[in-house]
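Now for the letters of each chain:
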Amino acid sequence: MTQLYLSFAVIFALMGIAGLFGNTLVILVVIKNKSMKTPVNYMLLNLAIADILVAIFFGIQFIVTPVLDHPRRTTGDLLCKFITGGVPGWIGAVTSIFSLVAIAIERYFAVMFPHSIRGKLTSTKVIMFVMTRWFLAFLWAGVGFFITVYNQEINACVHNWSKEIYANLYTVGWLFVAGIVPLSIMGILYSRVVYRLWFTEQENEATQIALLRHRRRVTQLVIAVTIVYALCWIPELIIYFLGFTGAMKLTQIHFNIASGLVFFNSAVNPVVYSLQSSTFRRHYWGLFFSGRNYRSNQIMPKTLERQSTAVIYLRAQKESANTKRIVPLSEGSDYNVGEPSEMKRDSQ
């Protein structure tokens, strides 16, 4: 074992543990808390599943495979395609990117067209979004299942293209699929969302101010996740593109750095949620300290805050002929719009 391998193995192991632990917490937070079961959070849950896939298979590819007494011939090829070559991990990485695009689209419609029925995310739409993301990710990154084989000479899993032109096209394709296209879409959508939330005149009613604050918090969270994605993926794509153009001769350390950046992106997302959202922080702690003392100390202040907002709004409703109402559910969820007779608050 070389010093290079040991150094990267330690780094990758730490990121793998952090990614598995953190993203599992995200999944548990959304599943176990009724107030967290919103369209955006379900998308973050899907993102966490994709990130777990990255943690598992990148860990195998960069920690286990180099020291494994790898089978050869057909068995070795099959093992490279489905486990040791990291192909499922790259499918998870692409799914993460497509998930961020879907979240940007959801935020755009929620902010720009809040009263549009077509823009509302129902459970059916969320399921369709999820299935579409995984299907498209499989179509793109799943190519690895067909081209990954075991090379006995260098004792590693490699891509075996029938023609070099196909390899070149695929490399350039990654630049667009994982970089230019998603960043352009998210940049355009979030620029409009930010302008609407921060730079346009808003209504001064109490509930509208509460709704505005909520939307700003959610938007800040998903933009932070997007920025981390850009900081991690852009250098990775540049490294491979420079290698493709011949401007840089790629070595093992370049491949490790590029893949490590993608790995880091998947591992750090739960930390971003914690830093950007007090609701996620509260529920993270709630998974470990679920006693009544914790719930009363941590949850009730927010509950009282929501009740106060609801009371203010109901008083205003008595003086208004408008029959619609907005009920804040929680800091980390979205707002429901409906008739007064349907009004209720989710318990935590």
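Residues numbered from 1 in each chain as written. Predicted model: local features only at pLDDT ≥ 70, side-chain atom pairs only at ≥ 80, totals over all residues. Heavy atoms only, no water.

An unreviewed UniProt entry annotates the chain as QRFP-like peptide receptor of Acropora cervicornis. In its Sequence similarities (unreviewed entry) section, the UniProt entry covering the chain states "Belongs to the G-protein coupled receptor 1 family." (UniProt positions renumbered as here; feature names shortened; annotations may be inferred.)

Before going further, it helps to spend a moment on the nonpolar core. L44, W90, W174, W233, Y273 and F280 are the most contacted members of the largest nonpolar core, which totals 70 residues. Elements with a contribution of two residues or more to this core: α1 (3-32), α2 (39-64), α4 (87-112), α5 (123-141), α7 (164-198), α8 (206-245), α9 (252-276) and α10 (278-288). Broken down by element, the residue count for this core peaks at 15 residues, all from α4. (Core = buried A, V, L, I, M, F, W, Y, C linked by side-chain atoms within 4.5 Å. Buried < 20%, exposed > 50% of the residue type's maximum accessible area, 1.4 Å probe, protein only. Helix = DSSP H or I, 4+ residues; strand = E, 2+ residues; numbered from the N terminus.)

This paragraph deals with the pattern of salt bridges. By the definition in use, this model includes 2 salt bridges. Its salt-bridge partner being R72, residue D69 comes within 4.0 Å of it at the nearest N-O pair. A residue is classified by how much of its surface remains accessible, and R72, at 39% relative accessible area, is partly exposed. (Salt bridge = Lys/Arg side-chain N within 4 Å of Asp/Glu carboxyl O.)

On average, residues of the chain carry a pLDDT of 82, and 82% of them reach 70 or more. By mean pLDDT, strand β4 (residues 335-338) is the weakest element of the chain at 34, and helix α6 (residues 144-147) is the strongest at 95. Predicted confidence is poor over residues 292-316, with pLDDT under 50, and the contacts of this stretch with residues over four places away or in other chains come to 32 contacts. Throughout residues 318-348 the model reports pLDDT below 50, and contacts reaching past four residues in sequence, or to other chains, amount to 73 contacts. (pLDDT = per-residue confidence, 0-100. Contact = heavy atoms within 4.5 Å.)

Backbone geometry at R73 places phi at a positive 55°, although glycine is not the residue there. Tracing the chain through its elements places R73 in helix α3 (residues 73-84). At N155, a residue that is not glycine, the phi angle is positive and equals roughly 55°. Here N155 is to be found in the loop between β1 (148-151) and β2 (156-159).

Further remarks concern the packing of α2 against α9. Axis separation between α2 and α9 bottoms out at 10 Å; the angle between their running directions is 145°. Considering how the two elements wind past one another, α2 and α9 form a crossing that is left-handed. Counted together, L44, L47, D51, V54, A55, F58, G59 and F62 of α2 and N256, S259, V262, F263, S266, N269 and Y273 of α9 form the full contact between these two elements. Classifying every residue of the contact of α2 with α9 gives 9 nonpolar, 5 polar and 1 charged. (Axes fitted to C-alpha atoms, helices over the stretch in contact; angles between N-to-C directions. Left-handed = near helix turned anticlockwise from the far one by under 90°. Nonpolar A, V, L, I, M, F, W, Y, C, P; charged D, E, K, R; others polar.)

Attention now moves to the packing of α2 against α4. Running from N to C, α2 and α4 point in directions that differ by 160°, and their axes come no closer than 7 Å. Comparing the axis directions of α2 and α4 gives the class roughly antiparallel. The two elements α2 and α4 cross, and the hand of that crossing is left-handed. Residues of the contact of α2 with α4, tallied by class, amount to 16 nonpolar, 7 polar and 3 charged. (Parallel < 35°, antiparallel > 145°, perpendicular 65-115°, else oblique.)

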